[in-house]
Amino acid sequence: MNNNINNEIALLLQNIGMEKDDINWGTQITIFLIILLITYLCTKLFRHLVIPIIHKITTRTKAKWDDYLFNTEMMKAFTRMIPPIMLYILTPLAFSKSPQLLNFILKVCLIYLDIVTILLIGTFLNSLYNISSEHEKLRNRPLKGIYQMIKLITITIGIIILISILMDQDPTSILAGLGASAAVLMLIFKDSILGLVAGVQLSVNDMLRPGDWITMNKYGADGYVIEVSLTTVKVQNFDKTITTIPPYALVSDSFQNWRGMRETGGRRIKRSINIDTNTIHFCTEEEIKTFIEKGFLDKKTNINERIVNLAIFRNYITDYLNNNPKVNKDLMIMVRQLQPASEGMPLEIYCFSDTPEWIPYETLQSEIFEHVMAMAKEFNLRIFQRPAGTDFNKYA
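Residues numbered from 1 in each chain as written. Predicted model: local features only at pLDDT ≥ 70, side-chain atom pairs only at ≥ 80, totals over all residues. Heavy atoms only, no water.

### Examining the overall build of the protein
Inference 1: Of the regular secondary structure elements, the protein holds 16 helices and 8 strands.
Inference 2: Residues classed as buried in the protein amount to 35% of the 396 residues present.
Inference 3: Restricting to contacts in the protein with at least 6 residues of sequence separation, those with at least 24 account for 64%.
Inference 4: Total accessible area on the protein is roughly 24100 Å²; 59% of this is exposed by carbon and sulfur atoms. (Helix = DSSP H or I, 4+ residues; strand = E, 2+ residues; numbered from the N terminus. Buried < 20%, exposed > 50% of the residue type's maximum accessible area, 1.4 Å probe, protein only. Contact = heavy atoms within 4.5 Å. Areas by Shrake-Rupley, 256 points an atom, 1.4 Å probe, with all protein chains shown as cover.)

### Some remarks on the packing of helix H14 (residues 309–322) against helix H15 (residues 358–375)
Inference 1: It is at 11 Å that the axes of H14 and H15 come closest, and there the two elements cross at 150 degrees. By the angle between their directions, the pair H14 and H15 is classed as roughly antiparallel. In this structure, the crossing between H14 and H15 has a hand that is right-handed. On H15, the residues that touch Phe313, Tyr316, Ile317, Tyr320 and Leu321 of H14 are Glu367, Ile368, His371, Val372 and Met375.
Inference 2: Residue classes in the contact of H14 with H15 are distributed as 8 nonpolar, 1 polar and 1 charged. (Axes fitted to C-alpha atoms, helices over the stretch in contact; angles between N-to-C directions. Parallel < 35°, antiparallel > 145°, perpendicular 65-115°, else oblique. Left-handed = near helix turned anticlockwise from the far one by under 90°. Nonpolar A, V, L, I, M, F, W, Y, C, P; charged D, E, K, R; others polar.)

### Things to note about the packing of aromatic side chains
Inference 1: In the structure shown here, the tally under the stated rule is 12 aromatic pairs.
Inference 2: Taking 5.3 Å as the distance between ring centres and 80 degrees as the angle between the ring planes, the aromatic pair formed by Trp213 and Phe238 counts as edge-to-face. On the criterion of sequence distance, the pair formed by Trp213 in strand E1 (residues 213–216) and Phe238 in the loop between strand E3 (233–237) and strand E4 (242–245) is long-range, its members being 25 residues apart.
Inference 3: On the accessibility criterion, Phe238 (31% relative accessible area) is partly exposed.
Inference 4: One aromatic cluster is present, formed by Trp213, Tyr224, Phe238, Trp258 and Trp358 through successive ring pairs.
Inference 5: Above the face of the Tyr361 ring, Arg267 is positioned so that its terminal group lies 4.5 Å from the ring centre.
Inference 6: Between Arg271 and the ring centre of Phe369, over which it is positioned, the NZ or CZ distance is 5.4 Å. (Phe/Tyr/Trp six-rings, centres within 6.5 Å; stacked < 30°, edge-to-face > 60°. Lys NZ or Arg CZ within 6 Å of the ring centre and 35° of its normal.)

If you want it as structure tokens, here you go:
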């Protein structure tokens, strides 16, 4: 077949008026130009005819994964593979009588094919990452580092194949040579290897997700995870600074993840006020009558019963929390005493807000303690605080 093509083209060139010495090279160059033209037309045909048809088909399907796998970037990457493949197959038709030139062109085609294959795999991995980012179960997994590691392995293999093409050697022999320097390679890629292992552990154990609020005092991190890559975990702190943490540090060291609080739907309030112990006493009959009139005690309460004013105050705070619409009723609500100290009797309020958001949480916490401190006087209790200079001036 090659001879027939060459003979036909040689006859055509001879009719044009070329010398017999030039016919051989002229035939080969003409065939090669025809091959280049065919390759160019096939590439254009695929880009302007096949790709639009594929896009129309994918847009009509209900599935979303094909929109990512056959997107514009993916199709462009696939188009780049057409020229080296066609040239590698068709070039022997032109330069069968020039083995050295043929070998050089085929080697260039293989190098070109190796590079565009690496780019195609990288684009494919980007599409997979976009698919996983949209998937309900996978979008919160720190998979970016794993995809980056696969890209790194792909590039490494591609470079090895590239070297084997240039050196005309088997890739396995180059790999065997690299095995002897494995220690050096492990030292170079130490962070990447540790990052990959840590990323797998973080993903499998569901220890960390993008968007989680974490606290890691050792690295000064207190904010939301914005990115989990192969070598770094980026945390945007509440002061808008960015802290970068090695992924393996999150596995080897301890950190606090506030995701559970967000998933619960409430944020804990755990704060105490100090009651002056000198104001804690058994209520008199007049006090009990007053508390009954104000609704702090049941009307059936015996006025001669020995009741401590702090106990009535505790019950009042508990009722106040249970009736507060901003307090989460599905989680624990408790008012308790702590160990008495020189500052008085600590009365701790333990409950949860109905939202994990920071500003509403702080607003609720302030409202509760403002109300509690203002109501203490109604129970003849006093909030303890150390005397200031103005307090001493009263007695001067």
